[in-house]
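# Report on the structure
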Amino acid sequence: MKKIFSIAVLCIIIACGGAKIDGANGSDLSTFSTEDRVGEIISYLASDELKGREAGSEGIDLAANYIEGVFRNSGVKPYFGSYRDTLTNFEKPAYNVVGYIEGTDKNLKNEFVIIGAHYDHIGAADPVSDDYIANGANDNASGTTAVLEFARYFGKYGRNKRSIILALFSAEEKGLLGSKHLAKKLKDQNLNLYAMLNFEMVGVPLVGKDYFMYVTGYEESNLADICNGYAKEKLVGFLPTAKEFNLFKRSDNFPFHTEFGVPSQTFCTFDFTNFDHYHKVGDEVSLMDFDHMALLVNKTIPVLKDIINSPTREIEYK
C-alpha cells in the first residue's frame, strides 16, 4: 500500500492534534488539507488492521476510536451524550459517530447542516493471492477522510453561523441502516434541518469531465448551481450514469431526504469507469490519489462555509 503508517505512529499524530494547519487563522484554504494529511487518515482507516471495517466488528470499533480522536482534537463536541450513537436497527452493537459544532448566529444556529459519510465497509471479499480483506479505501474511507478534514477545519476555524452535525455512519453496507437510524432519531427530535451533504467514494479523480465532482439527484434541487456559484467554477456537474443507476437512493443522503424532505444529496468522484475495485479486495490505499483528495477538501470548504453561513435558505428542491 502507498504510504502505510503504523497504528502507533498514527496514535501519536492524533494525540498531538494532527498535522500542522496552514494559515494561522485557517484562511489559506488552498493549502489547508495536504497530501500527507489525507494520506495519514485514509492509510489508517483502510489498513489491514481494521479488517475491512464491517459493521459490528472489532475493526470498525478501532475506526470509531480514531474518528472520536479527530473530533476531540478538533474541538468538535458530541451531539448526543457521547460521540457514539448506538444503532437500534442492527443486531450487533454498531455505532454512528456523531459530532456537533454549534452555530454562532443567535437565529441561524437553530438550523442545521449535516455533513456525512459512511465509515463501514464489507469486511471480507473473494480472495486474491491470499488477500481476503476488503479494505474499502475508496468505499468509503475516502469520504470519511474528507468529512474528518471538514471537521478539523470547522472545529478550529469555521465560525459557522448555522449549527453543523458531522455524522459518520455505520452499516451503510447493510442497507443504509446507520443513516436510517439517525435520520429517524433526529426527525423525532424535530431537528430543523437545512440540508444533508454526503460524501461517497471521492478517492480518485474523474477523467475527461468538465467538472470536478458530481452530485446525486442533480436534477432534484439547485444544489449544484449554488455550489458552482460559490466556487466560481464548475465544481459540481451532472453524471448521467448516476441517474441511470439511481444513486440518489443508494447512499446515506436518502434517509434524510425521506424523513425531512429537504435537499439531501451525495458528492462523488466515482463514475464506474475510473475505479475497478468496488467491493473487492483491490480497493486499497495504493490506488488512492492523495493530491486529488486534498484538492477536493480545499475546494469544498469555502462552498460549505457559504452554504452554512447563507442568511437565507438558498438550496431548495425544484
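First things first, this report covers the structure right here in the doc.

The rules behind each value
- Residues numbered from 1 in each chain as written.
- Predicted model: local features only at pLDDT ≥ 70, side-chain atom pairs only at ≥ 80, totals over all residues.
- Heavy atoms only, no water.
- Helix = DSSP H or I, 4+ residues; strand = E, 2+ residues; numbered from the N terminus.
- Rg over C-alpha atoms; globule rule 2.2 N^0.38 Å.
- Buried < 20%, exposed > 50% of the residue type's maximum accessible area, 1.4 Å probe, protein only.
- Salt bridge = Lys/Arg side-chain N within 4 Å of Asp/Glu carboxyl O.
- Core = buried A, V, L, I, M, F, W, Y, C linked by side-chain atoms within 4.5 Å.
- Contact = heavy atoms within 4.5 Å.
- Expected span 1.5 Å × (residues − 1).
- Polar contact = N/O pair within 3.5 Å; in protein donor to acceptor, adjacent residues only side chain to side chain.
- Axes fitted to C-alpha atoms, helices over the stretch in contact; angles between N-to-C directions.
- Parallel < 35°, antiparallel > 145°, perpendicular 65-115°, else oblique.
- Left-handed = near helix turned anticlockwise from the far one by under 90°.
- Pairing = 2+ DSSP bridges.
- Phe/Tyr/Trp six-rings, centres within 6.5 Å; stacked < 30°, edge-to-face > 60°.
- Lys NZ or Arg CZ within 6 Å of the ring centre and 35° of its normal.

## Quick look at the overall build of the protein chain
For the protein chain, the helix and strand inventory stands at nine helices and eleven strands. Its C-alpha atoms give the protein chain a radius of gyration of 18 Å, near enough to 20 Å, the size a compact globule of 318 residues would have. Its C-alpha atoms give the protein chain principal-axis dimensions of roughly 55 × 40 × 40 Å. Burial status across the protein chain gives 57% buried among its 318 residues.

## Some words on the pattern of salt bridges
Applying the stated criterion across every chain, the model contains 14 salt bridges. In this structure, R37 and E149 form a salt bridge, with 3.2 Å as the shortest nitrogen-oxygen distance. Of this pair, R37 sits in helix α2 (residues 35-45) while E149 sits in helix α4 (residues 137-157), placing them 112 residues apart in sequence. A residue is classified by how much of its surface remains accessible, and E149, at 0% relative accessible area, is buried.

## A look at the nonpolar core
With 76 residues, the main nonpolar core has F71, I115, F150, L166, L197 and F267 as its most contacted residues. Leave out the neighbours within four places in its chain, and L197 touches V113, I114, I115, G116, L223, Q265, F267, L304 and I307. Ranked by size, the runner-up nonpolar core spans 16 residues in total, among them F80, A167, L186 and L193.

## Observations concerning helix α3 (residues 58-74)
The terminal C-alpha atoms of α3, which comprises 17 residues, lie 25 Å apart, in line with the 24 Å expected from a rise of 1.5 Å per residue. Burial in α3 covers these residues: G59, I60, A63, A64, Y66, I67, E68, G69, V70, F71 and S74. One side-chain oxygen of the residue at the start of α3 lies 3.4 Å from the amide nitrogen of G59, identifying that residue as S57. Phi turns positive one or two residues past the end of α3, at G75, with a value near 80°.

## As for the packing of α3 against α4
The interhelical angle for the contact between α3 and α4, taken along N-to-C directions, is 20°, at an axis separation of 8 Å. Considering the angle they form, α3 stands roughly parallel to α4. Pair α3 / α4 crosses with right-handed handedness. Contacts between α3 and α4 pair Y66, I67, V70, F71, N73 and S74 from the former with T144, L148, A151, R152, G155 and K156 from the latter.

## Some details on the pairing of strand β11 (residues 264-268)
For β11, the tally of buried residues reaches five of five residues, placing the bulk of the element in the interior. Residues of β11 alternate between two faces, with S264, T266 and C268 on one and Q265 and F267 on the opposite face, all of them buried. Pairing analysis gives four bridges linking strand β8 (residues 193-199) to β11, with the strands arranged parallel. Within β11, the residue paired with N198 across the bridge is T266. Bridge count between strand β9 (residues 213-215) and β11: two bridges; the pairing is antiparallel. Bridge pairing links V215 to F267 in β11.

## A look at the packing of aromatic side chains
Summed over the entire model, instances satisfying the criterion amount to 18 aromatic pairs. An angle of 90° between the planes, with centres 5.4 Å apart, marks the rings of F32 and Y153 as edge-to-face. Taken as a pair, F32 in the loop between α1 (7-15) and α2 and Y153 in helix α4 lie far apart in primary sequence, 121 residues in all. Under the relative-accessibility criterion, F32 is labelled buried at 1%. Here a set of aromatic residues connected by ring pairs shows up, and it is made of F32, Y153, F154 and Y157. It is K185 that lies over the ring of F80; its NZ or CZ is 4.1 Å from the centre.

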